[in-house]
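Architecture at a glance
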There are 2 protein chains.
Amino acid sequence: MSKDVLTPQATDFPKWYQEVIAKAEMAENGPARGTMIIRPWGYGIWELVQSSMDALIKATGHVNAYFPLFIPNSFLQKEAKHVGGFAPELAVVTHGGGEKLAEPLVVRPTSETVIGDAMSRWIQSYRDLPMLLNQWANVVRWELRPRLFLRTTEFLWQEGHTAHATWDEAQEETLRILNEVYFPVLDGVLGVPVLRGRKTEAERFAGAVVTYTLEGLMRDGKALQMGTSHNMGENFAKAFEIMYLDRDGERRFAHTTSWGVSTRVIGAVVMAHGDDKGLRLPPAIAPVQAVVLAVKEEAIDACRRLVDELVSRGVRAKLDDRTDQSFGRRAVDYELKGVPIRIEIGPRDLADGKAVVVRRDVEGKQPVSLSELAGRVPPLLDEIATTLRDQALERREQMTRDVAAIDAIDGPGFYRIGWDAMGREDGEAKLRERAYTVRCLVTENGEVPSPEQDDGLIAYVAKAY
Amino acid sequence: MSKDVLTPQATDFPKWYQEVIAKAEMAENGPARGTMIIRPWGYGIWELVQSSMDALIKATGHVNAYFPLFIPNSFLQKEAKHVGGFAPELAVVTHGGGEKLAEPLVVRPTSETVIGDAMSRWIQSYRDLPMLLNQWANVVRWELRPRLFLRTTEFLWQEGHTAHATWDEAQEETLRILNEVYFPVLDGVLGVPVLRGRKTEAERFAGAVVTYTLEGLMRDGKALQMGTSHNMGENFAKAFEIMYLDRDGERRFAHTTSWGVSTRVIGAVVMAHGDDKGLRLPPAIAPVQAVVLAVKEEAIDACRRLVDELVSRGVRAKLDDRTDQSFGRRAVDYELKGVPIRIEIGPRDLADGKAVVVRRDVEGKQPVSLSELAGRVPPLLDEIATTLRDQALERREQMTRDVAAIDAIDGPGFYRIGWDAMGREDGEAKLRERAYTVRCLVTENGEVPSPEQDDGLIAYVAKAY
């Protein structure tokens, strides 16, 4: 099989996934089991995801900080449910500076505990609230069956941690992150249509009172959790003694939230948009939005001028002047990498004052006059973004079925079923035996339920990554 | 002593340093020994340092990637000099996922080895060169005498690693980083005048053929190494078998470089610019460049309009409308934090159509008409940047002396002495006994010496952090 050809998705989706990540030079396994090397193409995507999300995190009033990688083991013991959730996944440092440590250090699986401890010192009065923190960091959770981006022992993420005076304020924050930060990035920037809903008790984050989630559907019909936002109520504040003096001089527990999105979402971009030719990147997160290929040496100057013009219009454009290499090989490489627009200029095109424009989202090549081309690219990028999202949405709709009983749940895609009709937790347990989980609960109108709502809930069921 | 008052620098500089970092809410010790919590004010500074440096790293053709935190112990053994340099500083993970590991994992002290290994796979032919990689990451080096920002067990940095076909190209890269990336950021953006020079053999990075350095002078007369750039020649390529086929089909070793700048430079900003009232931040790295203080409630609306106008002019401006808190306490807080411009508006100012402008770099308050104020701020920020750098430069010049023999070296500041006159390595060894080190070698004209230059060198000697 040629170096450029991928196993078709329909033949073996997991194999396709592995191959596309390797051949697009996105990532590879690190030397220590479960770790990942994110290559420049993959990291370039992450940088763009990161900057679009960071802007919204800041626009909603949060500030970034940085907390230590190493956490004393005793810290994790403070919140029993929390440590229970993470114990089997921890990496432990026992030696440092050539000596055995008196107390082993845990490599952070999340910074929840160390931030909780800091908040207990930083928060004294209602004036210190709300405290709205975010961190971009690497975390470690031991992974026995690693898969690049989806499950790796070390991954990159952002973790938000906030403290508020009241339950209502914490709840407002939890939903603000869901709706004003995560949704616009995942659904908008990444173009992956996501369901927003509440997790069932069984799927809730350890220690949270309520967990909200954003769930995407991959092309193989499996769901992928792309972000979560938790209202911890007073649970964490009690474990870490995060207290404040209110306006009346009364000492009260704060209400905290936490929320995270990781490099996992890159896996979602691959599996929600990619096709048998490779990645298809939404323009907003494509490190190169338009590549200009000189077919032969004579076209290099014209290509360079076009690239300069595109860059001056704010397009991330790249020149490919490797005319000593096979044109076909180069074109296929950009298809694999998912570059949204490929512009080819050969000697004959040059004579005609034209270039050939190839979109990655739909089939077909189009000749465009060189004088108009640069101006056409920015709106075309917008169109590609819309098309990719529309295609993913259509696919999800085709793969979503209403069913009346759990016996009818069989095969890929989302199943919509009444939470009562499925027998609630009992049905959930039965489904889990068959590897299906309730991805989220929504209201009858498809809206995000309040923490209290118990009636008229609809469950979305699927197999998941 | 009041919460706001700092120990004067002249009384106890290390104590001043500790206090200013705590009171400006920049950072504090983490719960595990030697680790650091970078609070939002400190992290905001780092984000600005990072983005200005990242822009230049990319402008010079480098791409970012991400390599794993954990490195198999065997990797570090591959380069004997390298492991020798790091062995006593390593943190070792012996347990993961609840079990003892077959091979312990080292927490990266640098990613040199894992990147070297990746390059040996990614580089096959001359077409793959140069390979210009950079990484933003946390690294760990066990620290027995930690000091916030200056020496912490975990720190944040960027590490660049590049591979080239020839020695000359690697040397050009090593100097490009020194002169086109690090110098403009450290000397320009951070406003800390830095000497550029070559390290002596004794001070060279383990495994490097030549190490270049940028050295700043702190207000207590001690030097601080702010960045280094190393040409490793073929040393690392040989240890990691980084080889390529040249145009003639000959297999050759690549020539590699590495270079790094860390959160340490924040310590340099504190110690090069700070005074007895607190930090003094160069505007380019100030998370808040201008704070607008409403003295009384009546002024809040006018203050808010001014902040909006400043923001629309690209100024990072912040409103302080906490009129229920002491005005003096608030003003002192912004002095501590080093905000470059403080604008105060009280009811009487409002009636006069004026505001009071207080610069952090020089003494004195100035009334400015409200209608002109927003337009005056951007040039004033430029002026402050220049003044801070000029002040630091003047201070360095006052603290730099020419001496003819090492016996004359005694006290704070830089000493310039002929490398021959000081007896080269012999003199260096004698100075080290008295805690002085050769910070760098320059040519007679103060220029950066080539790797080969051996005659007519001048040594800059100082005590250092």
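Look up: the structure comes first, before these words.
To keep things clear, this report deals only with the structure shown in the data block. Remember, it's a predicted structure, so these values are computed and weren't measured experimentally. (Residues numbered from 1 in each chain as written. Chains lettered and ligands numbered in written order. Predicted model: local features only at pLDDT ≥ 70, side-chain atom pairs only at ≥ 80, totals over all residues.)

1. Thoughts on the relation of the copies chain A and chain B
By a simple turn and slide, chain A fits onto chain B: the slide is 0.0 Å along the axis, the RMSD is 0.0 Å, and the turn is 180°. The transformation relating the two chain copies, once decomposed into turn and shift, fits a two-fold axis. Minimal C-alpha distance to the rotation axis in chain A is attained by A:Val93, lying at 2.1 Å. A share of 100% of interface residues in chain A that are also interface residues in chain B marks the association as one of identical surfaces. (Least-squares fit on C-alpha atoms with pLDDT ≥ 70 in both. Contact = placed C-beta atoms within 7 Å.)

2. Structural notes on the interface of chain A and chain B
Contact residues are listed per partner, giving 44 residues for chain A and 44 residues for chain B. Ranked by residue count, the leading element in the side of chain A that touches chain B is strand S5 (residues 91–96) of chain A, at six residues. Along the lines of polarity and charge, the residues of the side of chain A that touches chain B split into 29 nonpolar, ten polar and five charged. Pairing of S5(A) with strand S5 (residues 91–96) of chain B, which is carried by five bridges, proceeds in the antiparallel orientation. (Helix = DSSP H or I, 4+ residues; strand = E, 2+ residues; numbered from the N terminus. Nonpolar A, V, L, I, M, F, W, Y, C, P; charged D, E, K, R; others polar. Pairing = 2+ DSSP bridges.)

3. Some thoughts on the environment of A:Pro347
Residue and element names in this part refer to chain A. Within the secondary structure, proline 347 sits in helix H11 (residues 347–352). For proline 347, a count of 13 C-beta atoms within 10 Å puts it in the partly exposed group. Expressed as a C-alpha distance, the spacing of proline 347 and arginine 176, which sit 171 residues apart in the sequence, is 54 Å. For proline 347, the residues in contact, after removing those within four places along its chain, are Lys296, Glu298 and Ala299. (Buried ≥ 20, exposed ≤ 12 C-beta atoms within 10 Å, placed from the backbone.)

4. A look at the nonpolar core
Nonpolar side chains in soluble globular proteins tend to be buried together. Among the nonpolar cores identified, the biggest contains 284 residues, and A:Val292, A:Ala459, A:Val461, B:Val292, B:Ala459 and B:Val461 are the most heavily contacted of them. Beyond its immediate stretch of four places on either side in the chain, B:Val461 contacts B:Ile409, B:Tyr415, B:Ile417, B:Leu431, B:Tyr436, B:Val438 and B:Arg439. (Core = buried A, V, L, I, M, F, W, Y, C linked by C-beta atoms within 7 Å.)

5. Some remarks on the packing of helix H9 (residues 300–312) of chain B against helix H12 (residues 370–398) of chain B
Residues and elements named next belong to chain B. Orientation of H9 relative to H12, taken along the N-to-C sense of each, is 35°, at an axis distance of 9 Å. The crossing of H9 and H12 is right-handed. On the side of H9, the interface is formed by Ala302, Leu306, Glu309 and Leu310, while H12 contributes Leu370, Leu373, Ala374 and Val377. Looking at the contact of H9 with H12 residue by residue, the classes come out as seven nonpolar, no polar and one charged. (Axes fitted to C-alpha atoms, helices over the stretch in contact; angles between N-to-C directions. Left-handed = near helix turned anticlockwise from the far one by under 90°.)

6. Digging into the sheet that holds strand S6 (residues 99–107) of chain B
Spatially, the six strands line up as an open sheet ordered S4(A)-S6(A)-S5(A)-S5(B)-S6(B)-S4(B), and their pairing is antiparallel. The open sheet has two free edges, formed respectively by strand S4 (70–72) of chain A together with strand S4 (70–72) of chain B, since each of these has just one partner strand. Adjacent strand axes in the sheet meet at a mean angle of 45°, parallel and antiparallel pairs treated alike. Bridging between S5(B) and S6(B) involves four bridges; their strand directions are antiparallel. Along S6(B), the bridge assignment pairs B:Val92 with B:Val106.

7. Details of helix H1 (residues 13–23) of chain A
Residues that lie three or four places apart on an α-helix share one face, since the helix turns once every 3.6 residues. All names here are of chain A. Buried within H1 we find Trp16, Tyr17, Val20 and Ile21. Down the axis of H1, the buried set is contained in an arc of 125°. They therefore lie on one face. On the buried face of H1, the contacting elements are strand S1 (27–29) and helix H8 (264–273). Positive phi appears at glutamate 25, one or two residues downstream of H1, with a value of about 55°. (Arc of directions from axis to C-beta.)

8. What to know about the sheet that holds strand S18 (residues 354–359) of chain B
Residues and elements named next belong to chain B. Here five strands make up an open sheet; going across it, the order is S16-S15-S17-S18-S19 and the pairing mixed. The strands lining the two open edges of the sheet, one partner per strand, are strand S16 (317–320) and strand S19 (365–369). For this sheet, the mean inter-axis angle between neighbouring strands, taken without regard to orientation, is 25°. Taken together, the five bridges between S18 and S19 define a ladder with antiparallel strand orientation. Of the residues in S19, the one forming a bridge with valine 357 is glutamine 366. Against the sheet, H9 contacts strand S15 (290–294), S16 and strand S17 (341–345), and its axis sits at roughly 170° relative to S16.

9. A look at helix H5 (residues 112–122) of chain A
Of all eleven residues in H5(A), eight are buried, a share of seventy percent or more. Taken together, the buried positions of H5(A) are A:Glu112, A:Thr113, A:Val114, A:Ile115, A:Gly116, A:Asp117, A:Ala118 and A:Met119.

10. Considering unusual backbone geometry
A cis amide bond links A:Leu129 to the next residue, A:Pro130, at an omega of -10°. Assignment of secondary structure puts A:Pro130 in the loop between H5 and strand S7 (131–140). For A:Glu241, which is not glycine, the phi dihedral falls at a positive 55°. By the element assignment, A:Glu241 lies in the loop between helix H7 (235–240) and strand S12 (243–245). A positive phi is found at B:Ala435, a non-glycine position, where the angle reads about 70°. The residue B:Ala435 is located in the loop between helix H13 (424–433) and strand S22 (437–442) in this model.

11. A short note on the pairing of strand S17 (residues 341–345) of chain A
All names here are of chain A. The buried fraction of S17 amounts to five of the five residues, a majority that puts the element mostly inside the structure. Residues of S17 alternate between two faces, with Ile341, Ile343 and Ile345 on one and Arg342 and Glu344 on the opposite face, all of them buried. In terms of strand pairing, strand S15 (residues 290–294) meets S17 through five bridges, oriented parallel. Bridging across to S17, valine 291 finds its partner in arginine 342. Sheet analysis places S17 next to strand S18 (residues 354–359), joined by four bridges and oriented antiparallel.

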